[in-house]
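Structural overview for review
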Amino acid sequence: MADMTGKCACGGVTWRSAGPVLWAGHCHCDSCRRASSAAMVSFFGVPREGVIWTGEIAERPSSNGVRRGFCPACGTQLYYQADKWPAETHLYATTLDDPAQFEPQAHYHWAERLPWLAVTDDLPRYSGSADDGEPI
Ligand SMILES: [Zn+2]
Ligand SMILES: [Zn+2]
């Protein structure tokens with residue numbers, strides 16, 4: 001597979017990853033939603049040590065043991081890293097140079113979804129994260 005590449009809105013930050021994609025899905029949690037000002041946020045996980053970044057990145061602690069990286073120039077959210085998953089970086093799928101490459105496999109934190117967001121796919125829906133139990 002060719003490397004996946006991505007960038008922020010202003011192009012000041014770029015990333016490259018050879019993968020593999022460990023998981024891919026949509027997060028409906030309040031924290032992701034507020035960080036991105038979006039109704040839901042699409043992510044995929046890759047091995048953290050394999051991601052090559054260029055440009056200046058700012059980070060903020062999002063919740064306990066969680067850091068969100070973003071471009072300080074344009075504000076684009078770039079990654080989510082949690083102490084809980086030390087070997088993974090979760091990349092925001094819409095930062096892909098070709099976001100159509102993204103192949104979502106599930107919805108996460110379905111219990112927190114917005115009532116006005118109509119989701120018509122038949123992907124599995126997890127109440128929380130995949131570690132919290134089987135799909136509902
Ligand atoms: Zn930027
Ligand atoms: Zn989330």
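Please refer to the structure higher up on the page.
Residues numbered from 1 in each chain as written. Chains lettered and ligands numbered in written order. Predicted model: local features only at pLDDT ≥ 70, side-chain atom pairs only at ≥ 80, totals over all residues.

Brief notes about the overall build of the chain
When helices and strands are tallied, the chain shows one helix and 10 strands. Listing each helix as α and each strand as β along the chain from the N terminus yields β-β-β-α-β-β-β-β-β-β-β. The globule rule puts the C-alpha radius of gyration for 136 residues at 14 Å, and the 14 Å found for the chain is close to it. Based on the C-alpha atoms only, the size of the chain along its principal axes is roughly 40 × 30 × 30 Å. Evaluated residue by residue, the chain yields a buried proportion of 27% over its 136 residues. (Helix = DSSP H or I, 4+ residues; strand = E, 2+ residues; numbered from the N terminus. Rg over C-alpha atoms; globule rule 2.2 N^0.38 Å. Buried ≥ 20, exposed ≤ 12 C-beta atoms within 10 Å, placed from the backbone.)

A few points about the sheet that holds strand β4 (residues 41-47)
Read across the sheet, seven strands follow the order β6-β7-β8-β9-β4-β3-β10 without closing on themselves; strand pairing throughout is mixed. Strand pairing shows two members of the sheet lacking a second neighbour, β6 (58-61) and β10 (106-108), which therefore form its edges. Averaged over neighbouring strand pairs, the angle between their axes works out to 30° when direction is ignored. Here two bridges tie strand β8 (residues 77-82) to strand β9 (residues 88-92), and the two strands are oriented antiparallel to one another. Pairing of tyrosine 79 across the sheet is with leucine 91, part of β9. (Pairing = 2+ DSSP bridges. Axes fitted to C-alpha atoms, helices over the stretch in contact; angles between N-to-C directions.)

As for the pairing of β8
Inspection of the sheet shows strand β7 (residues 66-70) paired to β8 by five bridges, in the antiparallel sense. Along β8, the bridge assignment pairs valine 66 with alanine 82. In this antiparallel pair of consecutive strands, β7 and β8, the connection spans six residues, and glycine 75 shows a positive phi of 90°.

Concerning the nonpolar core
Of all hydrophobic cores here, the largest spans 21 residues; its most connected members are Cys27, Val41, Phe43, Leu78, Leu91 and Tyr92. Going through the elements one at a time, β4, β8 and β9 are the ones with two or more residues in this core. The element that contributes the greatest number of residues to this core is β4, accounting for four residues. With near-sequence residues (within four places) excluded, cysteine 27 lies in contact with Cys32, Met40, Val41, Phe43, Tyr108 and His109. (Core = buried A, V, L, I, M, F, W, Y, C linked by C-beta atoms within 7 Å. Contact = placed C-beta atoms within 7 Å.)

With respect to unusual backbone geometry
Backbone torsion omega between glycine 19 and proline 20 reads 0°, so that peptide bond is classified as cis. Mapped onto the fold, proline 20 is located in the loop between β2 (14-17) and β3 (23-27). Of note in the backbone geometry, serine 37 takes a positive phi value of approximately 55° without being a glycine. The topology assignment puts serine 37 in the loop between α1 (30-36) and β4. With a phi close to 55°, histidine 109 is a non-glycine residue in the positive phi region.

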